[in-house]
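Residues per chain, in single letters:
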Amino acid sequence: MQRKDFLTEPVKHIKLKPGMTVNELISQYRMSGCFGAGRLATACDIYEKMLRDNGCTIYLGLAGAVVPAGLRTVITDLIRKRMIDVIVSTGANMIHDFIEAMGGHHYKGHWFVDDYILYKYHIYRIYDIFVPEEDFIKADEKFVQFFEEIAREYRNRSLATYELAWELGKRLNDPNSVLRAAYETKTPIFMPAARDCEFSYAFYLHSQRVKPEETLKVDSFKEVPFFIDIFRRSERNGMIIIGGGVPRNTIQHAAVTARKGIDYAIIITMDRPETGGLSGSTLEETISWGKVKRKANKIMVTGEAVMVFPIIVASVMERLGENFHREPHPKGGI
Amino acid sequence: MKSEEERKEQYCGNCSYHNVYEYPSKIFCTYRLVKRLDPVVSTLWCCENWTPEEEECFCVEDAKKQAEST
């Protein structure tokens, strides 16, 4: 590298005008190409490439309370428009989807509040979102009922977590529900840590009502070969990670196990790498494991996902236009 | 033998099995759910498994106010 090679492209300043569309703003961000603006513009470009790549299966990893915060319909629309093929989620995000499908709500609250007063009023807090206890309890009541039904149908056979998601979605009527959309489109939602949330409490109640042999049996190992097979059958694999955690590594680890490596990667996180935790680990670190390919199209956007992700989706939808059609991947079906 | 005053405070809303179902008047009793009884009961009802563990909730207070006003 010579000195001139470092100084090839000057920063172009962002020009704003009234009535700009989302993608016009992103185009201006690309002209700057710096800091968060540059990263966000690159993320839009990578997602567009994933969608236009006819051999790419797209995985969405969900961690953090993005469903209660307002991304529920964005995710449902992406499923229905076939703009993602596979979801790997915390159980909690699906719990919150279920709560809304049951008629419950998440309320705009505030982070600066006396939490002990909330406790006494039976209101739970997720940063600046308030959730009434009764909405959780009504969901638990339904889970107990559904778990018994599903356990009866499956008899002693275990379900993979994506099968549990489909069984729950089958029993919901809300078209805006992530679980419902996944069931209708046969989009798998893997929940590798399904018991790390309200599912666990509902299961406990269920287990107290029936004999041990009559309980619902969910096995997150059962789906591993199926998940690996999706990677194997895909010509290329692209991931969009919101947050990180267990969903991110479930996707990345499958890429290694399938001996494929990931071709496209967008990570939206606010975490830092110094703890060694996965949510903040850099994409370069991921390359050392063979999880993401060295030459992959990849970017990490440092930002809060409820703010960042809809901008990426809106920008890319605008580029693709209303008539864009994408077949589900991998080819041959899930 | 509990005094009348103590009995008055034995609301299902004070038991350790309760959660709110319809604030403040209805609660969801997980003990009853497990026993396959109707789990939705009045907050001011006294559960057969009432325990003297103090729950610092507003639901009993508010349910009493609501009951008085109707």
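Before reading further, recall that the structure is shown in the block above.
To keep things clear, this report deals only with the structure shown in the data block. Note that the coordinates shown come from a computational prediction; the quantities given were computed from them, not determined experimentally.

Here we come to the sheet that holds strand β7 (residues 236–242) of chain A. Strands belonging to one sheet form pairs held by backbone hydrogen bonds; the direction of such a pair is parallel or antiparallel. Residue and element names in this part refer to chain A. Within the open sheet, the 6 strands sit side by side as β6-β2-β1-β7-β8-β9. Their pairing is parallel. In this open sheet, the two strands that pair with only one neighbour each are β6 (189–190) and β9 (292–302). Across 7 bridges, strand β8 (residues 262–269) lies against β9 in parallel orientation. The residue bridging Ile268 from the neighbouring strand is Val301, located in β9. Along the sheet, helix α2 (residues 35–52) makes contact with β1 (56–62), β7, β8 and β9, crossing β9 at roughly 130 degrees.

Counting from both sides, the interface comprises 19 residues of chain A and, opposite them, 19 residues of chain B. The junction of chain A with chain B conceals about 1,800 Å² of combined surface from both sides, 57% of it contributed by carbon and sulfur atoms. Looking only at chain A, the three residues that lose the most surface to chain B are Lys120, His122 and Arg209 of chain A, adding up to 32% of its buried area. Salt-bridge contacts for Arg36 of chain B lead to Glu148 of chain A; the nearest nitrogen and oxygen are separated by 3.2 Å. Here chain A is connected to chain B by 8 residue pairs in polar contact (both at pLDDT 80 or more). Secondary structure elements with two or more residues in the side of chain A that touches chain B: α5 (115–120), α6 (133–154) and α9 (198–209) of chain A. Grouping the amino acids of the side of chain A that touches chain B by side-chain chemistry returns 10 nonpolar, 2 polar and 7 charged.

Turning our eyes to something else, we now look at the side chain of Thr43 of chain B. Residues and elements named next belong to chain B. By the secondary structure assignment, Thr43 is in the loop between β3 (40–42) and α3 (59–69). Judged by relative accessible area, Thr43 falls into the buried class, the value being 0%. Side-chain polar atoms of Thr43 contact the backbone nitrogen of Lys26, separated by 3.4 Å. Aside from chain neighbours lying at most four places away, what touches Thr43 is Tyr11, Cys12, Gly13, Pro24, Ser25, Lys26, Ile27, Cys59, Val60 and Ala63.

In this section: helix α7 (residues 161–170) of chain A. Across the 10 residues of α7 of chain A, 9 count as buried, placing the element largely inside the fold. Taken together, the buried positions of α7 of chain A are Thr161, Tyr162, Glu163, Leu164, Ala165, Trp166, Glu167, Leu168 and Gly169 of chain A.

Before going further, it helps to spend a moment on the state of the cysteines. A disulfide bridge is the covalent bond that connects two cysteines by way of their sulfur atoms. Under the definition given, this model contains 0 disulfides over all chains. Counting only cysteine sulfurs, Cys34 of chain A is the nearest neighbor of Cys44 of chain A, a cysteine outside any disulfide, at a range of 16 Å. Unpaired in terms of disulfides, Cys59 of chain B finds its nearest cysteine sulfur in Cys57 of chain B, a separation of 4.3 Å.

All names here are of chain A. Strands sit in the order β3-β5-β4 across an open sheet of 3 strands; the sheet is antiparallel. Two strands in the sheet have a free side with no partner beyond their single neighbour: β3 (107–108) and β4 (123–126). Strand direction decides the pairing type here: β4 and strand β5 (residues 129–132), joined by 4 bridges, are antiparallel. Bridged to Ile126 within β5 is Ile129.

Reading guide: rules and limits
- Numbering of residues begins from 1 in every chain and follows the order in which that chain's sequence is written.
- Lettering for chains starts from A, numbering for ligands starts from 1, and both go in the order in which the items are written.
- Given that this is a predicted model, residues contribute local features only at a pLDDT of at least 70 and side-chain atom pairs are listed and counted only at 80 or more, while totals for whole chains, interfaces and linings are drawn from all residues.
- Hydrogens are left out, water is left out, and the side-chain values use all remaining heavy atoms of the structure.
- Strand pairing is assigned whenever DSSP identifies at least 2 bridges connecting the two strands.
- Strands here mean DSSP runs of E at least two residues long; helices mean DSSP runs of H or I at least four residues long; both are numbered from the N terminus.
- Residue contacts are counted whenever heavy atoms from the two residues lie within 4.5 Å of one another.
- Every angle, taken between N-to-C directions, lies between 0 and 180 degrees, and every axis is a line fitted to C-alpha atoms, over only the stretch in contact when it is a helix.
- By definition, the buried area sums, over both parts, the 1.4 Å-probe accessible area that each loses when the two are put together.
- Within this document, salt bridges are pairs made up of a side-chain nitrogen of Lys or Arg and a carboxyl oxygen of Asp or Glu, the two lying within 4 Å of each other.
- As used in this structure description, the phrase polar contact means that two N or O atoms lie within 3.5 Å; if the pair is within protein, one of them must be able to donate a hydrogen and the other to accept it, and residues adjacent in sequence are counted only when both atoms belong to side chains.
- Amino acid classes used here: Ala, Val, Leu, Ile, Met, Phe, Trp, Tyr, Cys and Pro are nonpolar; Asp, Glu, Lys and Arg are charged; the rest, including Gly, are polar.
- Here the term buried applies to any residue with accessible area under 20% of the maximum for its type, exposed to any over 50%, and partly exposed to those in between, with areas from a 1.4 Å probe on protein chains only.
- Disulfides are defined as cysteine sulfur pairs within 2.5 Å.

The analysis is restricted to geometry; functional conclusions fall outside its scope.
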